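Architecture and fold: a report
Single-letter residue listing:
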Amino acid sequence: MAFKDRYDFDSLVNEAEELVVAEIEKQISGYPELCTCSECILDIAAYVLNRVRPRYRVSLLDAIYVDTEERDAYLREIDQAVHDGILKVSTNPPHD
Ligand SMILES: [Zn+2]
């Protein structure tokens, strides 16, 4: 059995994904001109996820944020990256 099949790596979850998607949904309402097709939204998500620190955990375990100050800083980091991502994709969309 291959190593990768011996363990359930699908249970690794990057919490950044969930937070980034929620933040994109929140912010795009402020950009009525923004194209919200699948290509553009996924492009924004990829841009943001390549810039924020990942937050992997094993999905069976609960999310642990011991330090609320650190969590607030992380949410601000995501907030800013989403803002940048929307501007980047809106001025340079992946399609005509
Ligand atoms: Zn589009």
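Conventions and cut-offs
Residues numbered from 1 in each chain as written. Predicted model: local features only at pLDDT ≥ 70, side-chain atom pairs only at ≥ 80, totals over all residues. Heavy atoms only, no water. Helix = DSSP H or I, 4+ residues; strand = E, 2+ residues; numbered from the N terminus. Rg over C-alpha atoms; globule rule 2.2 N^0.38 Å. Buried < 20%, exposed > 50% of the residue type's maximum accessible area, 1.4 Å probe, protein only. Contact = heavy atoms within 4.5 Å. Areas by Shrake-Rupley, 256 points an atom, 1.4 Å probe, with all protein chains shown as cover. Lys, Arg positive; Asp, Glu negative; His and termini not counted. Charge placed at Lys NZ, Arg CZ, Asp CG, Glu CD. Expected span 1.5 Å × (residues − 1). Arc of directions from axis to C-beta. Donors = N, O, S within 2.8 Å, 3.2 Å for Na, K, Ca; no water. Axes fitted to C-alpha atoms, helices over the stretch in contact; angles between N-to-C directions. Parallel < 35°, antiparallel > 145°, perpendicular 65-115°, else oblique. Left-handed = near helix turned anticlockwise from the far one by under 90°. Nonpolar A, V, L, I, M, F, W, Y, C, P; charged D, E, K, R; others polar. Polar contact = N/O pair within 3.5 Å; in protein donor to acceptor, adjacent residues only side chain to side chain.

A short note on the overall build of the protein chain
- Helices and strands together make up the secondary structure of the protein chain, namely four helices and two strands.
- The C-alpha atoms of the protein chain give a radius of gyration of 16 Å, which is well past the 12 Å a tight globule of 96 residues would have.
- On the principal axes, the C-alpha backbone points of the protein chain span a range of 50 × 40 × 20 Å.
- Of all 96 residues assigned to the protein chain, the portion counted as buried reaches 24%.
- A fraction of 81% describes how many contacts in the protein chain between residues 6 or more apart in sequence connect residues 24 or more apart.
- Of the roughly 6900 Å² of accessible surface on the protein chain, a fraction of 53% belongs to carbon and sulfur atoms.
- Computed over 10 positive and 20 negative side-chain charges, the inter-centroid distance for the protein chain is 5 Å.

Brief notes about helix α3 (residues 38–49)
- With twelve residues, α3 should cover 16 Å at 1.5 Å per step; its first-to-last C-alpha distance of 16 Å lies within 8% of that length.
- Along α3, the positions that sit buried rather than exposed are C40, I44, A45, Y47 and V48. Each buried residue of α3 lies within a common arc of 160° when the element is viewed along its axis, so the set occupies one face. In α3, the exposed residues that point more than 90 degrees away from the buried face are S38 and L42.
- In the core, the buried residues of α3 are packed alongside α2 (15–28) and α4 (68–91).

Description of the coordination of the zinc ion
- Around the zinc ion, the protein supplies C35 (SG), C37 (SG), C40 (SG) and H95 (NE2) as donor atoms, at distances of 2.0 to 2.3 Å.
- Looking at C40, the relative accessible area reads 1%, which means it is buried.

Looking at the packing of α3 against α4
- Where α3 meets α4, the closest approach of the two axes is 9 Å, and the angle between their N-to-C directions is 135°. By the angle between their directions, the pair α3 and α4 is classed as oblique. Handedness of the crossing formed by α3 with α4: right-handed. Seen from α3, the contacting residues are C40, D43, I44, Y47 and V48; seen from α4, they are A81, V82, D84, G85, I86, K88 and V89.
- Here the residues of the contact of α3 with α4 sort into eight nonpolar, one polar and three charged.

Let's talk about α4
- Given a rise of 1.5 Å per residue, 24 residues ought to cover 34 Å, and the 35 Å separating the end C-alpha atoms of α4 matches this to within 8%.
- Of all the positions in α4, only Y74, I78, A81, V82, G85, I86 and V89 are classed as buried.
- The inward-facing, buried residues of α4 contact α2 and α3.
- A distance of 2.9 Å separates the backbone nitrogen of E69 from a side-chain oxygen at the start of α4, and that oxygen is part of D67.

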